[in-house]
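A closer look at the structure
So the chains spell out like this:
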Amino acid sequence: MKKPINRAGAAGYRMTARGGRGEIYLYGIIGQDFWGDGVSAKQFADDLKGLGAVTSIDLRINSEGGDVFAGKSMYSLLAEHPARVTVHVDGLAASAASFIAMAGDDIQIAEGAFMMVHNARGGLFGTSEDLRRHADLMDTVTDSIRDMYVARSGKSVAAVKKWMDEETWFTGQQAVDAGLADTVVENLRVAASVRDPSKYRHLPDALLPRRATALQTIAALRR
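Structural notes, computed from the coordinates.

Quick notes on the rules
Residues numbered from 1 in each chain as written. Predicted model: local features only at pLDDT ≥ 70, side-chain atom pairs only at ≥ 80, totals over all residues. Heavy atoms only, no water. Phe/Tyr/Trp six-rings, centres within 6.5 Å; stacked < 30°, edge-to-face > 60°. Buried < 20%, exposed > 50% of the residue type's maximum accessible area, 1.4 Å probe, protein only. Lys NZ or Arg CZ within 6 Å of the ring centre and 35° of its normal. Helix = DSSP H or I, 4+ residues; strand = E, 2+ residues; numbered from the N terminus. Contact = heavy atoms within 4.5 Å. Polar contact = N/O pair within 3.5 Å; in protein donor to acceptor, adjacent residues only side chain to side chain. Axes fitted to C-alpha atoms, helices over the stretch in contact; angles between N-to-C directions. Parallel < 35°, antiparallel > 145°, perpendicular 65-115°, else oblique. Left-handed = near helix turned anticlockwise from the far one by under 90°. Nonpolar A, V, L, I, M, F, W, Y, C, P; charged D, E, K, R; others polar. Expected span 1.5 Å × (residues − 1).

The next point concerns the packing of aromatic side chains. With the rule as written, the count across this model stands at 2 aromatic pairs. With a centroid separation of 5.3 Å and 70° between ring planes, the pair formed by Tyr25 and Tyr27 is classed as edge-to-face. As far as burial versus exposure is concerned, Tyr25 and Tyr27 are alike and both buried. Taking 5.2 Å as the distance between ring centres and 80° as the angle between the ring planes, the aromatic pair formed by Trp163 and Phe170 counts as edge-to-face. Judged on exposure class, the residue Trp163 and its partner Phe170 are both buried. Above the ring of Tyr25, the side-chain terminus of Arg14 is found at 4.4 Å from the ring centroid.

Printed below as a string of structure tokens:
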């Protein structure tokens, strides 16, 4: 078994390989934030290459998302990888983490887990022309993300657009019914929560912050 790959600033992230099987934990921020927390797309790509010639990958997710462009890169890396990818939504796959999950050949979601989809978000300081160009970019990114959900779910563009416009939260069974996951399973039970409820319009009560419990779960995984 290869030594687990962990990085400073990427709490809850690790990769390991045992024989022909790789395992990835995305239990935290997608991309690096202002404070340097989270896992970057380059780091993810380097570590994925470092797994070697694995034939199967288990991707375990408990993340409220993060940087959309880092997420799109991770999605592409997994979708193009020759290994069979099984995604396990252990607690939460929200925002960028939800479309990374779409790279799985098989998507399993825990009974008590959630998946959330919404339009791309971002901010910019600049001139009015800068802001117009940025708005156009956000529309393009949102369209590309929507295409991932449409391809996976088989639902119409209009239906998926409505999900994203309304910031839709799916329980495990609802995700399966929507075509965004394949099966509901009794999976690893983790403390799913979000750090900043003010970012969301329709946050389920079950995901209100339980920070201490979530940190204990992540710490146990890193031992």
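With respect to the secondary-structure elements, Ser98 resides in helix α3 (residues 96-101). Exposure remark for Ser98: the relative accessible area of 0% places this residue in the buried category. Ser98 has contacts with Ala93, Met115, Met116, Val117 and Tyr149, leaving out every residue within four places of it along the chain. Among the polar contacts made by the side chain of Ser98, one reaches the main-chain carbonyl oxygen of Ser95 at a distance of 2.6 Å.

This paragraph deals with the packing of helix α1 (residues 41-50) against helix α2 (residues 68-80). At their nearest, the axes of α1 and α2 sit 9 Å apart, and the two run at 15° to each other. As the angle between them shows, α1 and α2 are arranged roughly parallel. In the crossing of α1 with α2, the sense of the turn from one axis to the other is right-handed. Where α1 abuts α2, its residues Ala41, Phe44, Ala45 and Leu48 lie against Ala70, Ser73, Met74, Leu77 and Leu78. Across the contact of α1 with α2, the residue classes break down as 8 nonpolar, 1 polar and no charged.

Take helix α4 (residues 128-153) next. Its 26 residues place the ends of α4 37 Å apart at the C-alpha level, agreeing with the 38 Å of an ideal helix rising 1.5 Å per residue. Taken together, the buried positions of α4 are occupied by His134, Met138, Val141, Thr142, Ile145, Arg146, Met148, Tyr149, Val150 and Ser153. In this structure, the buried residues of α4 make contact with α2, α3, β6 (114-117), α5 (157-165) and α6 (172-178). A positive phi of about 80° marks Gly154, the residue just after α4.

Right, let's get into α2. Taking 1.5 Å as the rise per residue, α2 with 13 residues should run 18 Å; its terminal C-alpha atoms sit 18 Å apart, in good agreement. Turning to α2, the residues buried within the fold contact β2 (21-26), α1, β3 (56-63), β4 (84-94), α3 and α4. The opening residue of α2 is Asp67, an N-cap whose side-chain oxygen sits 3.0 Å from the backbone nitrogen of Phe69.

Turning to the environment of Ile145, a few remarks are in order. Along the chain, Ile145 falls in helix α4. When its relative accessible area of 2% is taken as the criterion, Ile145 is described as buried. Spatially, the C-alpha atom of Ile145 lies 9.9 Å from that of Ile100, the residues being 45 residues apart in sequence. Not counting residues within four places of it along the chain, the set of residues in contact with Ile145 comprises Val68, Phe99, Ala120 and Met164.

We now examine the side chain of Ser153. Mapped onto the elements, Ser153 comes out in helix α4. Owing to a relative accessible area of 14%, Ser153 belongs among the buried residues under this scheme. Here Lys155 takes part through its backbone nitrogen, which lies 3.1 Å from a polar atom of the side chain of Ser153.

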